[in-house]
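# Structural characterization, general
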Amino acid sequence: MADRKIMVRVDHLKKSFGKLEVIKDMSVEILEGEVVVLLGPSGSGKSTFLRCLNQLETVSGGEILIDGQKITERHVDINKVRENIGMVFQHFNLFQNKNVLQNVMLAPVQLKVMDKQAAEQKAYDLLNRVGLADKADAYPSQLSGGQKQRVAIARALAMNPDIMLFDEPTSALDPEMVGEVLAVMKELAAEGMTMVVVTHEIGFAREVADRILFMDGGYLVEEGTPDEILNHPKEARTIDFLNKVL
Amino acid sequence: MLSILKSYGIMLIAAMGKTIELCLISLCFAMVIGLIFALCNVAKTRWLNVIGTVYVDAVRGVPLIVLAYFIYFGVPAGVQAAGFANFRLSALQAGVIALSMNCGAYMAEIIRAGIESVDKGQMEAARSLGLTYGMGMRHIVLPQAIKTMIPSIINQFIITLKDTSILSIIGFPELTNVGKTIMGNTFKSLETWAIVGVMYLIVIVSLSKASKRLERRLNVGR
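Now for a look at the structure at hand. (Residues numbered from 1 in each chain as written. Chains lettered and ligands numbered in written order. Predicted model: local features only at pLDDT ≥ 70, side-chain atom pairs only at ≥ 80, totals over all residues. Heavy atoms only, no water.)

Time to look at the pattern of salt bridges. Within this structure, the stated rule accounts for 17 salt bridges over all chains. Ionic pairing is found between R51 of chain A and E124 of chain B, a salt bridge with its closest N-O pair at 2.6 Å. Residue R51 of chain A is found in helix 1 (residues 46-53), and its partner E124 of chain B is found in helix 5 (residues 120-128); the two belong to separate chains. Since its relative accessible area comes to 19%, E124 of chain B is described here as buried. The shortest N-O distance in the salt bridge between K80 of chain A and E83 of chain A comes to 3.4 Å. You can see K80 of chain A and its partner E83 of chain A sitting in helix 2 (residues 78-83), three residues apart, about one turn around the helix. What makes E83 of chain A buried here is its relative accessible area of 12%. When salt bridges with common partners are traced through the structure, they connect R9, D11 and E29 of chain A into a single cluster. (Salt bridge = Lys/Arg side-chain N within 4 Å of Asp/Glu carboxyl O. Helix = DSSP H or I, 4+ residues; strand = E, 2+ residues; numbered from the N terminus. Buried < 20%, exposed > 50% of the residue type's maximum accessible area, 1.4 Å probe, protein only.)

Looking now at the interface of chain A and chain B. Each side of the interface is counted separately: chain A has 24 residues, and chain B has 19 residues. In total, chain A and chain B occlude about 1900 Å² of area from one another, counting both sides; carbon and sulfur atoms represent 56% of this. Counting the surface chain A buries against chain B, the share from its top three residues, F95, N97 and Q110 of chain A, is 27%. There are one salt bridge connecting chain A and chain B. (Contact = heavy atoms within 4.5 Å. Buried area = accessible area lost by both parts, 1.4 Å probe.)

What follows covers the packing of helix 5 of chain B against helix 6 (residues 133-163) of chain B. Residues and elements named next belong to chain B. Relative orientation of the contacting elements helix 5 and helix 6 amounts to 145°, with a least axis distance of 9 Å. Crossing handedness for the pair helix 5 and helix 6: right-handed. Residue-level inspection shows Q122, M123, A126 and R127 of helix 5 in contact with helix 6, the latter providing Y133, G136, M137, I140, V141 and Q144. Of the residues in the contact of helix 5 with helix 6, the class split is six nonpolar, three polar and one charged. (Axes fitted to C-alpha atoms, helices over the stretch in contact; angles between N-to-C directions. Left-handed = near helix turned anticlockwise from the far one by under 90°. Nonpolar A, V, L, I, M, F, W, Y, C, P; charged D, E, K, R; others polar.)

In a regular helix each residue adds 1.5 Å, so 15 residues correspond to 21 Å; helix 2 (residues 46-60) of chain B covers 21 Å between its end C-alpha atoms and thus fits that length. Buried-residue contacts for helix 2 of chain B involve helix 1 (2-42) and helix 4 (91-117) of chain B. (Expected span 1.5 Å × (residues − 1).)

Turning our eyes to something else, we now look at the layout of surface pockets. Residues and elements named next belong to chain B. Roughly 810 Å³ of volume is contained in the largest pocket. If you trace the largest pocket, you find 19 residues lining it, with V42, K44, M123, R127 and Y133 closest to the centre. Put simply, the parts of the chain that give the lining of the largest pocket at least two residues each are helix 1, helix 4, helix 5 and helix 6. No other element matches helix 5, which puts four residues into the lining of the largest pocket. Classifying every residue of the lining of the largest pocket by side-chain character gives eight nonpolar, two polar and nine charged. (1 Å grid on protein atoms, 1.4 Å probe; cavity = no way out; pocket = protein on both sides within 12 Å on 5 of 7 lines; lining within 4 Å. Points joined across faces, edges and corners; volume = space filled by probe spheres on them.)

What follows covers empty space enclosed by the protein. Residue and element names in this part refer to chain A. In this structure the tally under the stated criterion is one cavity of 30 Å³ or more. Of the voids in this model, the largest cavity is the one considered here, and its volume is about 50 Å³. Around the largest cavity sit R129, V130, I153, L157, V184, E187 and L188, which together line it. At the level of elements, helix 5 (145-157) and helix 6 (175-190) are the ones that each hand at least two residues to the lining of the largest cavity.

What follows concerns the packing of helix 1 of chain B against helix 6 of chain B. Residues and elements named next belong to chain B. Two elements in contact, helix 1 and helix 6, have axes whose closest approach is 11 Å; the angle formed by their N-to-C orientations is 140°. Taken together, the axis directions place helix 1 and helix 6 in an arrangement best described as oblique. Pair helix 1 / helix 6 crosses with right-handed handedness. Residues T19, I20, C23, L24, L27, M31, L35, L39 and V42 of helix 1 form the contact with helix 6, whose own contacting residues are Y133, M137, L142, I153, F157, T160 and L161. (Parallel < 35°, antiparallel > 145°, perpendicular 65-115°, else oblique.)

Attention now moves to a positive patch on the surface. All names here are of chain B. Together, K209, K212, R213, R216 and R217 give the surface a local cluster of positive charge. With respect to the helices, strands and loops of the structure, R216 is situated in helix 8 (residues 189-219). Assessed through its relative accessible area of 57%, R216 is described here as exposed. (Patch = residues over 30% accessible without salt bridge, like charges linked within 9 Å, V, L, I, M, F, W, Y side chains within 5 Å. Areas by Shrake-Rupley, 256 points an atom, 1.4 Å probe, with all protein chains shown as cover. Lys, Arg positive; Asp, Glu negative; His and termini not counted. Charge placed at Lys NZ, Arg CZ, Asp CG, Glu CD.)

So, on to the pairing of strand 1 (residues 6-17) of chain A. Residues and elements named next belong to chain A. The sheet contact formed by strand 1 and strand 2 (residues 20-31) spans eight bridges and is antiparallel. Across the sheet, residue F17 finds its bridge partner in strand 2, namely L20. Counted between consecutive antiparallel strands, the loop separating strand 1 from strand 2 contains two residues, among which G18 sits at a positive phi close to 60°. Here strand 1 pairs with strand 4 (residues 61-66) via five bridges, running antiparallel. Across the sheet, residue V10 finds its bridge partner in strand 4, namely I64. (Pairing = 2+ DSSP bridges.)

Bringing the packing of aromatic side chains into the picture now. One pass over the structure, following the stated rule, counts four aromatic pairs over all chains. Taken together, Y69, Y72 and F73 of chain B form an aromatic cluster joined through their ring pairs. The lysine or arginine in question, K15 of chain A, covers the ring of F17 of chain A, its NZ or CZ lying 4.8 Å from the ring centre. (Phe/Tyr/Trp six-rings, centres within 6.5 Å; stacked < 30°, edge-to-face > 60°. Lys NZ or Arg CZ within 6 Å of the ring centre and 35° of its normal.)

In structure tokens, the structure reads:
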């Protein structure tokens, strides 16, 4: 563990929306290949924390380093940074005006990291991997929720990111579709992808996470292995939360 | 009625052609103006918002007829006073400028509403992949916005077509102006204005019918 490089370093992060302080003080380090799950009651700042990591939200204080690069400074080319950070959203956010193949190919082609042919090949490989190669010509509106989310994962992977962020990827899904998305995520974790996952799927956290961060009220309350957090929580707020969800 | 059609028919048709020409040229410019100011208005930069708001409010706050007088008479007078004695604007040029500016302000609002109707997650997803704001607009947001905008754009097209009649006051030979000439020659006001009215009606009704069909076609498949 000690010789793995630090992929994400968050140092005294603060984030406010107007007067509302959503993240009060967060410091975390995430190692390469680590799967970190963020747990916590709604409104605790989990999603905001995740969105700060790729600067979809600008921070109000503190700093974030991705692979050693300080990304919270003004002169940083944030688009370049984001190419290395894939994100999967609760509501999928597939491009409605593009078919599945175009959704996956768009960024690599537009950002000229691959030519069209290579991008198409890569897109088919990724769609195969998430089991949706036969849907390449379909439009997002023709897919089920689970299929949409698997396409969204393929789209994020098309840029060959070093880090994947998941913002409640299964919260908008019908129960019978949760499994297919979690299966893809498990596979990704097994391949050594660095993952930061906001989820309410305790089972996923228990099985896949290397570390669980428990957040409440804009603070990191407790962190540890799934066994430490889920079976032997120390903090009252963690115990209280787990009593409600387990 | 028949005698008017017989002696002035060709003139009326030519005037209708001029009317449509003026309208189409203005509309093209208005789309560009509208897009520019709509993008100003949805931008996250404060001074761009101010530019967009000032333009839309200023142009919408002035009657088209006043705008037309200002551009046809006022602007050349000002430019001549500034030392360019030969500066002139033709009625067509002034008409196109006035109509484009006017229509552009309304178009800016239509396009802004269209952009805002697209789910914010679409742009966020684009940005999360490393695409720039401009790429997200061009490839993702605007193509989706256009669909919701089409009925309003066609409505604006019809309004602009009718607004061309206002430019008869600066002497542009569009349909209403030619109607005035015919009335002056024949003194048959009832027939003349009935004919002119029906001509507008035919063009506008066929336009809105065509737009309904276009709308239906665009809704197929999505």
